[in-house]
Amino acid sequence: MSRMTQTVPRTGRAAVRRILRWVAIAACVPYLSLKVAWIAGSTVGIPEGSALLGDGTSLRLVNAATVLMDVSVVVLALVLTKPWGRRVPSWLLALPMWGAVGLLTPIMVGFPAQLLVGALGGTASGSSGNNGAFLEGWVFHLVYGGFILQGLALGALFVLYACERWGHMWQGRLGDVGARPVGRGQRPAALVAAGLAVLPMAVHLLWACGVHTGLPDTLAAQYDADSAVQDAAYVLYTGATVAGLALLLARRAGAALALRVPLLLAGVGSAATGCWGGWLLLAAVTGPSHGDRAATPLMLLTYAVQMFVGLLVLTAGARFLNGRAGAPRTS
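Not measured: the values here are computed from a predicted model.

**A short note on the overall build of the protein**
Thinking step 1. Counting its regular elements, the protein contains 11 helices and zero strands.
Thinking step 2. Moving toward the C terminus, one meets the helices and strands of the protein in the order α-α-α-α-α-α-α-α-α-α-α.
Thinking step 3. The buried share of the protein, reckoned over its 331 residues, is 40%.
Thinking step 4. Here the analysis covers contacts within the protein between residues at least 6 apart in sequence; of these, 82% occur between residues at least 24 apart.
Thinking step 5. Roughly 17,000 Å² of accessible area belongs to the protein as shown, and the carbon and sulfur atoms make up 69% of that amount.

Listed below in C-alpha cells is the structure:
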C-alpha cells in the first residue's frame, strides 16, 4: 500500500511535467516562425513604412540573436524535465532561468495590464506609439501570448524542479537565518543595490505620471497609456527588489515571515529590473545616436543602473543560497 501511494504522486508529477514541457515548447513556435521568416527576407507583420524595413543586416543579426534566446526556452524545458537535467551544474541552470524570469515577467505582467487599460478606454496595446510604427498589432498579440504561455509553463517547471533539488535552501523563516548573512560582502552589496534602485524607481514613476523629463521629443510626443503601464510596472519590479532586500537586511522585523517571501521578491524583482534594464540599454546604445529619437543621458543612466542593480542582487543572492546549501534541512 505504501509503495502505491508513493508511486501515484510521482506518476502524476511526471505527467504534469510532460504537459508543461510541451506547452513551453509549443509556445515558442509563433515567435520562432516569425523570426525565421524575417531572417529569410519576409515582411509578414511588418507594415509599409516601418523603420524595420530599412535596417537590413542589423535587423537580421538581432533576429538571429533573439531566435537563440527563444531556443534556450526549449533547452530549459528539457533540462527541467529530463533525468539528465538533475546533473546540470546549479549555476548553469540558475543563470539562464534568472534571465528568462527577467525577460518574461514584464511581458506576463505588462501586456495583460495594457490590454485591460485598452479595454477600459486607454490606448490599445500595439496600436500606437512605438509599437504601431514598427509592427502590426496582431504580431504583439500572437507573440506576447506565446511569451506568457512560455513564462507560465517554464515557471511551473522550475518551481517543481527547484523544490525537489534545492528546496531546503529557502525553508524556514527569516528569524531562522543567522544574525549575519552567509558569505562576505552580501550586506554591502544589498545596501548598495537597494540604494541604487531608488533612481530607476523614481524616473519610471515620473514618466508614468506624465512628467517626461529625460525623454527625447519624439518619445515624449508618442507617450501613451501603454507606455505609462510599462513604466508603472518597472516601478513595481524595483519596489519588489527593494522590499525583498529590506526584509533580508532587517530580519528581526519580519522574523516570523517565511524566508521564501523576501527571496522571491528580491529574485523576481531584480531579474525583471536588471534584464530589461540591460535590454533597454542595448536598444538605446545601438539606436539613433542623434536626432529627436536619440536616447538621452537620463535614459542611459536609468537603464544602466537597472542592469547594475540586477547583477548586484544576483551575485549577492547566489552567495547567500550557496551558503544555505550546507545549512541543516528543516521539516
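**Re the environment of Ile39**
Thinking step 1. Summarising the element assignment, Ile39 is placed in helix H2 (residues 29–39).
Thinking step 2. Taking the C-alpha atoms as reference points, Ile39 and Ala64, 25 residues apart in sequence, are found 7.2 Å from one another.
Thinking step 3. Setting aside residues up to four positions removed in sequence, Ile39 forms contacts with Arg60, Asn63, Ala64 and Val67.

**Here's the deal with the packing of helix H3 (residues 57–79) against helix H4 (residues 90–119)**
Thinking step 1. At a closest axis distance of 11 Å, the pairing of H3 and H4 adopts a crossing angle of 125°. For the element pair H3 / H4, the angle class is oblique. Between H3 and H4 the crossing geometry is left-handed. Each of Met69, Leu76 and Val79 in H3 lies in contact with H4, whose residues at this interface are Leu93, Pro96, Met97, Ala100 and Leu103.
Thinking step 2. Grouping the constituent residues of the contact of H3 with H4 by class yields eight nonpolar, no polar and no charged.

**Details of the nonpolar core**
Thinking step 1. Grouped together as the largest cluster of nonpolar side chains are 31 residues, with contacts concentrated most on Leu135, Trp207 and Tyr303.
Thinking step 2. Not counting chain neighbours up to four residues away, the residues in contact with Tyr303 comprise His204, Trp207, Gly277, Gly278, Leu280, Leu281 and Ala284.
Thinking step 3. Residues Ala24, Ile25, Val73 and Ala100 belong to the second largest nonpolar core, which totals 22 residues.

**Quick notes on the side chain of Thr238**
Thinking step 1. Mapped onto the fold, Thr238 is located in helix H9 (residues 225–249).
Thinking step 2. Among the residues examined, Thr238 registers a relative accessible area of 2% and is labelled buried.
Thinking step 3. From its side chain, Thr238 meets the backbone oxygen of Tyr234 in a polar contact 2.9 Å long.
Thinking step 4. When neighbours within four sequence positions are excluded, Thr238 is seen to be in contact with Ala197, Pro200, Met201 and Thr273.

**Observations concerning the pattern of salt bridges**
Thinking step 1. Evaluation of the coordinates by the stated rule reveals three salt bridges.
Thinking step 2. The partner of Glu164 in a salt bridge is Arg13, with the nearest N and O atoms 3.6 Å apart. Highlighted residues: Glu164 in helix H6 (residues 137–166) and Arg13 in helix H1 (residues 2–27), separated in sequence by 151 residues.
Thinking step 3. By relative accessible area, which is 38% here, Glu164 ends up partly exposed.
Thinking step 4. The residue Glu164 makes a salt bridge to Arg86 at a minimum N-O spacing of 3.4 Å.

**Overview of helix H11 (residues 297–324)**
Owing to its 3.6 residues per turn, the α-helix aligns residues three or four sequence positions apart on the same side.
Thinking step 1. The end-to-end C-alpha separation of H11 is 40 Å, in line with the 40 Å expected for 28 residues at 1.5 Å each.
Thinking step 2. Considering only its buried residues, H11 is in contact with H4, helix H7 (186–208), helix H8 (217–222), H9 and helix H10 (260–286).

**Description of the environment of Thr43**
Thinking step 1. Within the element layout of this structure, Thr43 appears in the loop between H2 and H3.
Thinking step 2. It is 7.9 Å that separates the C-alpha atoms of Thr43 and Leu53, two residues lying 10 residues apart in sequence.
Thinking step 3. Excluding anything up to four places from it in sequence, Thr43 contacts Trp38 and Leu53.

**Section: the packing of aromatic side chains**
Both the distance between ring centres and the angle between the ring planes are used here to describe each pair of aromatic rings.
Thinking step 1. In this structure the tally under the stated criterion is seven aromatic pairs.
Thinking step 2. Relative to Tyr144, the ring of Phe140 lies with its centre 5.6 Å away and its plane at 85°, an arrangement referred to as edge-to-face. Of this pair, Phe140 and Tyr144 both sit in helix H6, four residues apart, which is roughly one turn of the helix.
Thinking step 3. Among the residues examined, Phe140 registers a relative accessible area of 8% and is labelled buried.

**A few points about the confidence of the model for the protein**
Thinking step 1. Taken over all residues, the pLDDT of the protein has a mean of 86, while the share at 70 or more is 87%.
Thinking step 2. Here residues 1–8 is a poorly scored stretch, pLDDT under 50, and it has one contact once near neighbours within four places are set aside; other chains count.

**Some thoughts on the packing of H10 against H11**
Thinking step 1. It is the contact of H10 with H11, at a shortest axis distance of 7 Å, that shows an interaxial angle of 145°. H10 and H11 meet at a crossing whose hand is left-handed. Along the contact surface, H10 presents Leu263, Ala266, Ser270, Thr273, Gly274, Trp276, Gly277, Gly278, Leu280, Leu281, Ala284 and Val285, while H11 presents Leu300, Tyr303, Ala304, Gln306, Met307, Gly310, Val313, Phe320 and Leu321.

**Describing the side chain of His204**
Thinking step 1. Position of His204 relative to the elements: it lies in helix H7.
Thinking step 2. Within polar-contact distance, the side chain of His204 engages the side chain of Gln306 at 2.6 Å.
Thinking step 3. Discounting chain neighbours no more than four positions away, the residues touching His204 are Asp231, Tyr234, Val235, Thr302, Tyr303 and Gln306.

What counts, and where the lines are drawn
Residues numbered from 1 in each chain as written. Predicted model: local features only at pLDDT ≥ 70, side-chain atom pairs only at ≥ 80, totals over all residues. Heavy atoms only, no water. Helix = DSSP H or I, 4+ residues; strand = E, 2+ residues; numbered from the N terminus. Buried < 20%, exposed > 50% of the residue type's maximum accessible area, 1.4 Å probe, protein only. Contact = heavy atoms within 4.5 Å. Areas by Shrake-Rupley, 256 points an atom, 1.4 Å probe, with all protein chains shown as cover. Axes fitted to C-alpha atoms, helices over the stretch in contact; angles between N-to-C directions. Parallel < 35°, antiparallel > 145°, perpendicular 65-115°, else oblique. Left-handed = near helix turned anticlockwise from the far one by under 90°. Nonpolar A, V, L, I, M, F, W, Y, C, P; charged D, E, K, R; others polar. Core = buried A, V, L, I, M, F, W, Y, C linked by side-chain atoms within 4.5 Å. Polar contact = N/O pair within 3.5 Å; in protein donor to acceptor, adjacent residues only side chain to side chain. Salt bridge = Lys/Arg side-chain N within 4 Å of Asp/Glu carboxyl O. Expected span 1.5 Å × (residues − 1). Phe/Tyr/Trp six-rings, centres within 6.5 Å; stacked < 30°, edge-to-face > 60°. pLDDT = per-residue confidence, 0-100.

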